[in-house]
Amino acid sequence: MDERKKDKEKPSTNPPKLPNIVMLFVLAFSIFILLQMIWNMFSREEPRRIYYSEFVTYLQEGRVEKVVVQSDRLIITLVPQNGAEEEYPEGASAIFADFFAWLIPQEPSEYEVHTGRMPDPQLREMLEYHGVEYDSPIVTSTWMRDFLFQMVVYVLIIFLMLVFLRRMMGGLIGGKGGIMGFGQSNAKVYMEKKTGVTFDDVAGQEEAKDSLTEIVDFLHNPEKYTEIGATQPKGALLVGPPGTGKTLLAKAVAGEAGVVFFSLSGSDFVEMFVGVGASRVRDLFKQANQQSPCIIFIDEIDAIGRSRDSQMGSNDEREQTLNQLLAEMDGFDSSKGVVILGATNRPEILDKALLRPGRFDRRINVELPDLKGRIEVLTVHAKKVKMSDAIDLRRIAMITPGAAGADLANMINEAALHAVRMKRARVEQEDLLEAVEVVIAGKEKKDRIMTEKEKRIVAYHEIGHALARTAQKDAKPVEKITIVPRTKGSLGYVLAAPEEEKFMHSKDEMLAEIIVLMAGRAAEEVVFNTKTTGASNDIEKATQMARSMVSMYGMSEKFGMMGLESVQNRYLDGRAVLQVSDQTGAELDIEVRGIIEDCYQNALDLLHENKDKLNELAEYLFNKETITGDEFMELYMKT
Ligand code: ADP
Ligand code: ZN
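This one's a predicted model, so the numbers in the text were calculated from it and none came from an experiment.

Let us now look at the pairing of strand β10 (residues 338–344). The buried fraction of β10 is high, at 7 of 7 residues. Judged by which residues are buried, β10 turns out to be covered on both faces: Val338, Ile340, Gly342 and Thr344 on one side and Val339, Leu341 and Ala343 on the other are all buried. As defined by bridge partners, strand β7 (residues 235–239) adjoins β10 across 5 bridges and the pair is classed as parallel. Following the sheet pairing, alanine 236 is matched in β10 by leucine 341. Both strand β9 (residues 294–299) and β10 contribute to a ladder of 5 bridges, which runs parallel. Considered in β10, the bridge of phenylalanine 297 is made with leucine 341.

Inspection of every chain in the model, using the stated rule, returns 21 salt bridges. Arginine 424 is the partner of glutamate 430 in a salt bridge, and the nearest nitrogen-oxygen pair spans 3.8 Å.

The next subject is the sheet that holds strand β2 (residues 64–69). Within a sheet, adjacent strands bond to each other through the backbone by hydrogen bonds, running parallel or antiparallel. Pairing is mixed across the open sheet formed by 5 strands, whose spatial order is β1-β4-β3-β2-β5. Only two strands of the sheet have a single partner each, and these edge strands are β1 (48–49) and β5 (133–135). Examined bridge by bridge, strand β3 (residues 73–78) and strand β4 (residues 112–116) share 5 bridges and lie antiparallel to one another. Residue leucine 74 lies in a different strand from β4, and its bridge partner there is threonine 115.

A few words on a nonpolar patch on the surface. A contiguous nonpolar surface patch, about 590 Å² in accessible area, is contributed by Trp143, Met144, Phe147, Leu148, Met151 and Val155. As for its position among the elements, phenylalanine 147 is in helix α5 (residues 139–168). Residue classification places phenylalanine 147 among the partly exposed residues on the basis of a relative accessible area of 38%.

What follows covers the site of ligand 1. Surrounding ligand 1, one finds 17 residues, the nearest of these being Ala203, Gly243, Lys246, Thr247 and His381. Alanine 203 has a polar backbone atom sitting 2.9 Å from a nitrogen atom of ligand 1. Within the backbone of lysine 246, a nitrogen or oxygen atom sits 2.9 Å from an oxygen atom of ligand 1. Considered on its own, ligand 1 offers 550 Å² of accessible surface; in the complex 82% of this is hidden by protein. Elements represented by at least two residues in the shell around ligand 1 include exactly α8 (246–257), α13 (371–382) and α15 (405–421). Looking at the shell around ligand 1 residue by residue, the class counts come to 7 nonpolar, 7 polar and 3 charged.

Now for the packing of α13 against α15. At a minimum axis separation of 9 Å, α13 and α15 run at an interaxial angle of 40°. Relative to α15, the element α13 lies oblique. Of the two possible hands of crossing, α13 and α15 adopt the one that is right-handed. Across from Arg374, Val377, Leu378, His381 and Ala382 in α13, the residues of α15 making contact are Gly405, Leu408, Ala409 and Ile412. Taken together, the residues of the contact of α13 with α15 break down into 6 nonpolar, 2 polar and 1 charged.

With that settled, the discussion passes to the packing of helix α17 (residues 452–471) against helix α18 (residues 507–528). For the pair α17 and α18, interaxial distance at closest approach is 7 Å and the crossing angle is 140°. By the angle between their axes, α17 is oblique relative to α18. Every pair of crossing elements has a handedness; the one defined by α17 and α18 is right-handed. Residues Lys453, Arg456, Ile457, Tyr460, His461, Gly464, His465, Ala468 and Arg469 of α17 form the contact with α18, whose participating residues are Glu513, Ile515, Val516, Leu517, Ala519, Gly520, Arg521, Ala523, Glu524, Val527 and Phe528.

Across soluble globular proteins, nonpolar side chains have a tendency to be buried as a group. By size, the foremost hydrophobic cluster in this structure holds 51 residues, and its most contacted members are Ile463, Leu467, Ile481, Ile514, Met518, Leu607 and Phe632. Among the elements of the structure, α17, β12 (478–482), α18, α19 (536–551), α20 (582–609), α21 (611–624) and α22 (629–638) are those that each provide at least two residues to this core. Residue contacts for isoleucine 514: discarding those within four places in its chain leaves Ala542, Met545, Ala546, Met549, Ile595 and Cys599. In terms of nonpolar packing, the next biggest core, distinct from the first, is built from 31 residues, Ile396, Met398, Ile412 and Ala435 among them.

This model, assessed by the stated rule, comprises 5 aromatic pairs. Relative to phenylalanine 55, the ring of tyrosine 52 lies with its centre 5.5 Å away and its plane at 55°, an arrangement referred to as tilted. With a gap of 3 residues between them, tyrosine 52 and phenylalanine 55 both fall in helix α2 (residues 52–60), about one helical turn apart. Across this residue pair, the class does not change: tyrosine 52 and phenylalanine 55 are buried. Note on tyrosine 460 and phenylalanine 528: the rings are 5.2 Å apart at their centroids and 90° apart in plane angle, and the pair reads as edge-to-face.

Summarising the element assignment, threonine 321 is placed in helix α12 (residues 316–331). Excluding residues that lie within four positions of it along the chain, threonine 321 makes contacts with Phe269, Gly277, Ala278, Val281 and Ile304.

Counting buried positions over the 6 residues of β3 gives 5, a clear majority of the element. Direction of pairing for β2 relative to β3: antiparallel, over a ladder of 5 bridges. Within β3, the residue paired with valine 67 across the bridge is isoleucine 76. Taking the residues that link successive antiparallel strands as the turn, the β2-β3 hairpin has 3 residues.

What counts and how
Residues numbered from 1 in each chain as written. Chains lettered and ligands numbered in written order. Predicted model: local features only at pLDDT ≥ 70, side-chain atom pairs only at ≥ 80, totals over all residues. Heavy atoms only, no water. Buried < 20%, exposed > 50% of the residue type's maximum accessible area, 1.4 Å probe, protein only. Helix = DSSP H or I, 4+ residues; strand = E, 2+ residues; numbered from the N terminus. Pairing = 2+ DSSP bridges. Salt bridge = Lys/Arg side-chain N within 4 Å of Asp/Glu carboxyl O. Patch = residues over 30% accessible without salt bridge, like charges linked within 9 Å, V, L, I, M, F, W, Y side chains within 5 Å. Areas by Shrake-Rupley, 256 points an atom, 1.4 Å probe, with all protein chains shown as cover. Near = heavy atom within 4 Å. Polar contact = N/O pair within 3.5 Å; in protein donor to acceptor, adjacent residues only side chain to side chain. Nonpolar A, V, L, I, M, F, W, Y, C, P; charged D, E, K, R; others polar. Axes fitted to C-alpha atoms, helices over the stretch in contact; angles between N-to-C directions. Parallel < 35°, antiparallel > 145°, perpendicular 65-115°, else oblique. Left-handed = near helix turned anticlockwise from the far one by under 90°. Contact = heavy atoms within 4.5 Å. Core = buried A, V, L, I, M, F, W, Y, C linked by side-chain atoms within 4.5 Å. Phe/Tyr/Trp six-rings, centres within 6.5 Å; stacked < 30°, edge-to-face > 60°.

Quick look at the structure:
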């Protein structure tokens, strides 16, 4: 029952790859064979041992067929007792037989025995006399054969293992330089000769475009700059929240200048082994120099550029990679037309050395789009789909404050998908509205069955929010109210439309907002005298707001202008960190509780006063499940 629920995580795109599974099998199989061989080598059973005297007896009885005289023993083949003969494979099949003899332990033949070698000068005569075949083994030849054969098998297995490891570690071992060519340029450099993106494809972000135009110009005609003796900018850092178009801007720079675009992510550099990342940086710059003029775009540069001193426990690999990057940036000749663009959403953790003049000395902020920006982004992306003429993109932009460019692009696509599902030839406004809700709250959960009672409570809860918003002068009017559950967890919500976008909020506005958040629960309390779990998100948001009012915006009597908390990594979760003693922290908590309690009381009062309207509207919503802002206002005015 949250008012608006927002989820701005980027989907991770890492499905398990099939070849890896195949590789795993191959590897497992190879290891199995290897172990078997080793095992068999040591556990091969010897032929049965007999006494020399027994051998002489067998000889005299005529039971010996063949004797192989070795240096320390005699290997004796006896005449099979009942005429059964063993088959010996020959030729090519002998090799297979040998191979399998390694794998499967062979039972030594019953007719093969051995005995020690006695210094018996008459042995040969005796063998001749009894007509026994005799021979001495040629040791070297089979030894060589076995040895080579085993070598081949081992090398093969080790090779397979290396290939597998290489895949696992993202190209560490092997590669161009053959086996063990450590770190030979296996970074996933992604090169585009022509990006085909221009500044027109990037909507809003005018300041960013302005700053980048100079770089484009420089790539176009570097002579203009070198002539006068100006040093070119080597790099610029694009800073901003995820999905605001940093990558897109970098591509547009390459597109506008008509140069090659190299892109890779900072995390591609960081490897398990020290030195690999550094060698990748070296490689990257070598390649780029060959392709100049060009743009090198390093996404998530914070993965390597993290400040070197702020870490618990050092990370040699990252440090080396960073040093290499710094060295390369200093080393290359900027007049050749290589420009490095880095992107990050955590500028505060970057190493100062990276930001020094001559490196990423320009910082370009890429902020979340404002209303105008959002309209432009929507317009750019709307061009790619067939839209009905009646579409009002401005209204969509109004209800999506805080949405990044990527969210808006996604909404247009969702709308197109929805239109297809509805069997329409063009995207209509309602497709867009539905798409906004899908992106904000998830898909409708049609199979979720709520009991009558639950549904009624949700209806009152949402109308509570909407009433509080409308009744207070400072709060925004509503756009839509629904009690259809959504997949992202909400049971219903109020979509508020701001009249205009605000960049500053007064204390009264913030209090009014908290009252609106409290009004959901208050409605449950006023009508049903119950408390449900549905208000958890409201509570979280309200507490957050009240807390920042006291700790950061200086809006409390008690602390006045004292700052108690400060925000870390502003472009990501924007989490606040307490800056004062624990005792002051405890007082802050009390202050926050005071605000919440006051606002809740206000919300209760407000709903008591408007109880008729609450009942009327909630029942209407209960029956219709979704109502528009206009319907709401009409009924609100009537009762
Ligand atoms: P970032 O690198 O800042 O995380 P991207 O550049 O990868 O964001 O943006 C992702 C997608 O979002 C882009 O491919 C584009 O379709 C869309 N987008 C983001 N910002 C804009 C913008 N200002 N104008 C047009 N499209 C945008
Ligand atoms: Zn709520």
